[in-house]
Amino acid sequence: MTEKRHLLSILVDNEPGVLSRITGLFSGRGYNIESLSVAETVDPSISRITMVTKGSPMIIEQINKQLNKLINVIKVSDLTGTKYVQREMALIKVNARSEHRAEILRISDIFRGQVVDVGVEHFTVKVEGDTEKINAVLNLFKPFGIREIARTGGVALPRENK
Amino acid sequence: MELKGAHILLKMLQEEGVDTVFGYPGGAVIDIYDALMEAGDINHILVRHEQGAIHAADGYARASGKVGVCLVTSGPGATNTVTGIASAYMDSIPVVIFTGQVPTALIGNDAFQEVDIVGITRPCTKHNYLVKDVRQLARTIKEAFHIARSGRPGPVLVDLPKDVINATAQFKVPGEVRLKSYNPTYKPNIKQLNKVVDLIQKAKKPVIFSGGGVSLSHGHHELTELARKAQIPVTSSLMGLGGFPGTDSLWLGMLGMHGTFRANMAVSECDLLISAGVRFDDRVTGKVDEFAPHAKIVQIDIDPTSIQKNIPVHVPVVGDCKISLSQLNSLLDKEDLSGVEDQRKSWLDQIEQWKETTPLAYKQGDVIKPQYVIETLYDLTKGDAIIATEVGQNQMWAAQYYHLKEPGHFITSGGLGAMGFGLPAAIGAQAGAPGVLVVDIAGDGSIQMNIQELATAVQYKLPVKVVILNNGFLGMVRQWQELFYERRYSSTKFVHTPDFVKLAEAYGATGLRASKPEEVSAVLAEGIKCEGPVIMDFIVEPEESVYPMVPAGAPIKKMLLV
Ligand SMILES: Cc1ncc(C[n+]2csc(CCOP(=O)(O)OP(=O)(O)O)c2C)c(N)n1
Ligand SMILES: [Mg+2]
């Protein structure tokens, strides 16, 4: 069966050990996590985990059910195929010799990036958007030489509350 | 009322109806043990190893239908329970484990006898807790019992730091547990059940496959009613034994790797497989792609993760087995089933033929056959004993030759297959079912893994009877070596074994031995009659194998026969 990428939004109790229950479930059962981000929601007793995972329909069904089985998991929504907004942020430290500086700034502008740190030989550019947009910027920066990247992993919310 | 943590714990145990605790003391729980001295209505059974405590709590839970409770100290006390917790988790047995922990201020410092038992047991408990504040203690215990016994049952561990046990708090019995994220589905979807009714009426060759979930939900009467009403033969997993009467003409015997010929054939040929409370373990399915290849598959289970985990299912039914089967029966009552006997005749005839041509069989010669010991035990006890087993060939022969009448009467480490389970589990079962004959069917290897618990049995006058099928081998592994490794018996023959009769006597129990077939019946009769715990050592055929056998990963139709 074909593997597909799925974006899950998981509401959990904001308690110590909950994240390790979830990552433990994934490692123990051999599921994969492509990205993960966690933060408190409006209700401080609840956290939202946004996760990108990959698997066949049978595996995704299991992931959903297994997550729901954890006592600290309140709700699992598979946003894949629904209407949602997703954002991810990346800090990209790119080589910036003087002859390339103008070009790098131009690319950054086109993607509404922001230079957050400047060195003699580098820029650190902040970009945000969906995963494709960040990948596009990375591709364009590649020829200059990317020194380091820090990416947040996606966060997402459904467009309408059902 | 202002109470110390230790007293809150005991109050809550009483509140939950706990009268028996299996445990072992140590520094981190010394205050709880101190408080226990005054708790007259709680019977504490001092085991000889913490693994014994958790297996005993497991056996107690299975035999009594109540939650088993175990209490151990921090560090090594806690880690010694891990095998038993994993076993209870695999078999969905409701137990609550209380572990001592170093004081909260020392947690994380690698303090003396500190282990992160909550971290260690996260993947093998239904849920677990570290109680950091004595004010949370009562509610946490209430939740632990609720989670252990509801939905798909399982072990819940509560870790108790020493300072929490000694701190005081205002005690009030907590109200009903409501967890926003935990709400098991008991009632099945009626639309799904209607589909099952429809399938039953169309089926020419149906089979019911029942598992531990039927016993756990006490759905055995409903299962029997369904089978008889719709004339559907029944097979079960190892965990499901006892859920359907082993003497009924519709009984097929166990399914899977060591299942009967007729059960494996029937499932391979059936056009409808109604499964209830099973999780399609690989020991049952063999090669998944060729499991029940012609059948529409119905799966009833309270745990949605069990459904469609290993095999594709046509009609999933999420719900409690007892409730689902009972509603299915009511729906069937509205249908005209008058022609069902005729409709099933050729299918049941076919099954009868499989039974006649290829029954479970062995030949009793000059040396005692292990199967003969179990058959004789069955004849003598008329199927009324609670049977605990160890792991290996002994377990499979017990499953094949002891025909069970009721659930809770076959106590075995099914999912984990933990050697050393049987004796402590039998002790727990005896504590949970006083007056009932409890027999541990054991191998000479497994029994040595928790033999120390014989002292517990003697001390508390729990008169369990241990039947050792002494083949001088780690028999099940030897069997694999014989069949698949050209008889290269690497580390499976015991060069030295203790004298089990003398060992029994050393522990203050009775020891008996049979070396010839004609002694078997008398030894069993005498052992059963004895008042206290007994070890019966049966010197059996060393290289007897369990048949039928489906080689691992083969289709269940491809059985090796005697
Ligand atoms: C704790 C543990 N260790 C190892 C095994 C692997 N194992 C499965 S059956 C078996 C042999 C058991 O020997 P014995 O108790 O003598 O039973 P028999 O098969 O001879 O009846 C072994 C070693 C196991 N199941 N559990
Ligand atoms: Mg043996």
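Only a predicted model underlies this, so the values are computations on that prediction, with no experimental measurement involved.

(A) Here's a closer look at the sheet that holds strand β17 (residues 438-443) of chain B. Residues and elements named next belong to chain B. Taken in spatial order, the six strands of this open sheet run β16-β15-β17-β18-β20-β19, and their pairing is parallel. Across the chains shown, the open sheet's two edge strands, defined by having one partner strand only, are β16 (410-411) and β19 (510-514). Packed on one face of the sheet, helix α17 (residues 393-401) meets β15 (386-389), β16, β17 and β18 (465-470) and runs near 135° to β17. Where helix α18 (residues 422-432) meets the sheet, it contacts β15, β16, β17 and β18, and its direction lies at approximately 175° from that of β17.

(B) Structural view of unusual backbone geometry. Residue B:P548 is reached from B:Y547 by a cis peptide bond, and omega for that bond is -5°. Summarising the element assignment, B:P548 is placed in the segment after β20 (534-539). Positive phi, normally seen in glycine, also occurs at A:R112, with a value near 55°. Relative to the helices and strands, A:R112 is located in the loop between α3 (98-110) and β6 (114-118). Residue A:R112 is classed as exposed on the basis of its relative accessible area, which comes to 74%. One non-glycine residue with positive phi stands out, namely B:E486, at about 50°.

(C) Seen up close, the domain arrangement of chain A. Residue and element names in this part refer to chain A. Taken as a whole, chain A is organised into domain 1 (4-78) and domain 2 (84-158). Distance between the C-alpha centres of domain 1 and domain 2: 28 Å. Between domain 1 and domain 2, the buried area comes to about 510 Å², and carbon and sulfur atoms account for 59% of it. By the criterion of area lost to domain 2, the three top residues of domain 1 are L7, S37 and T50, representing 61% of everything that side buries. Seen at the junction of domain 1 and domain 2, the total is zero salt bridges. At the junction of domain 1 with domain 2, the criterion picks out one residue pair in polar contact (both at pLDDT 80 or more).

(D) Summary view of empty space enclosed by the protein. All names here are of chain B. This model, assessed by the stated rule, comprises two cavities of 30 Å³ or more. Taken together, A361, Y362, Q371, W397, Q400, Y401, E544, S545, V546, Y547 and V562 make up the lining of the largest cavity. Considering only enclosed or pocket space, the second largest cavity measures out at about 40 Å³ in volume. Lining the second largest cavity are L9, L10, L13, V21, I32, L36, V69, L71 and F98. Among the elements of the structure, α1 (5-15), α2 (30-36) and β4 (68-72) are those that each provide at least two residues to the lining of the second largest cavity. Examining the composition of the lining of the second largest cavity, we find that three residues originate from one element, α1, more than from any other. Among the residues forming the lining of the second largest cavity, the class breakdown is nine nonpolar, no polar and no charged.

(E) Representation of the site of ligand 1 in the model. All names here are of chain B. Q393, G417, G445, S446 and G475 are the nearest of the 17 residues found near ligand 1. For ligand 1, an oxygen atom lies 3.0 Å from a polar atom in the backbone of N394. The backbone of M476 places a nitrogen or oxygen atom 2.9 Å from an oxygen atom of ligand 1. Coverage of ligand 1 by the protein amounts to 76% of the 590 Å² it exposes when considered alone. Among the secondary structure elements, those contributing two or more residues to the shell around ligand 1 are α17 and α20 (475-484). It is α20 that provides the largest number of residues to the shell around ligand 1, a total of three residues. Its residues assigned to classes, the shell around ligand 1 comprises seven nonpolar, nine polar and one charged.

So, how was this worked out
Residues numbered from 1 in each chain as written. Chains lettered and ligands numbered in written order. Predicted model: local features only at pLDDT ≥ 70, side-chain atom pairs only at ≥ 80, totals over all residues. Heavy atoms only, no water. Pairing = 2+ DSSP bridges. Helix = DSSP H or I, 4+ residues; strand = E, 2+ residues; numbered from the N terminus. Contact = heavy atoms within 4.5 Å. Axes fitted to C-alpha atoms, helices over the stretch in contact; angles between N-to-C directions. Buried < 20%, exposed > 50% of the residue type's maximum accessible area, 1.4 Å probe, protein only. Domains from an automatic or database assignment. Buried area = accessible area lost by both parts, 1.4 Å probe. Salt bridge = Lys/Arg side-chain N within 4 Å of Asp/Glu carboxyl O. Polar contact = N/O pair within 3.5 Å; in protein donor to acceptor, adjacent residues only side chain to side chain. 1 Å grid on protein atoms, 1.4 Å probe; cavity = no way out; pocket = protein on both sides within 12 Å on 5 of 7 lines; lining within 4 Å. Points joined across faces, edges and corners; volume = space filled by probe spheres on them. Nonpolar A, V, L, I, M, F, W, Y, C, P; charged D, E, K, R; others polar. Near = heavy atom within 4 Å. Areas by Shrake-Rupley, 256 points an atom, 1.4 Å probe, with all protein chains shown as cover.

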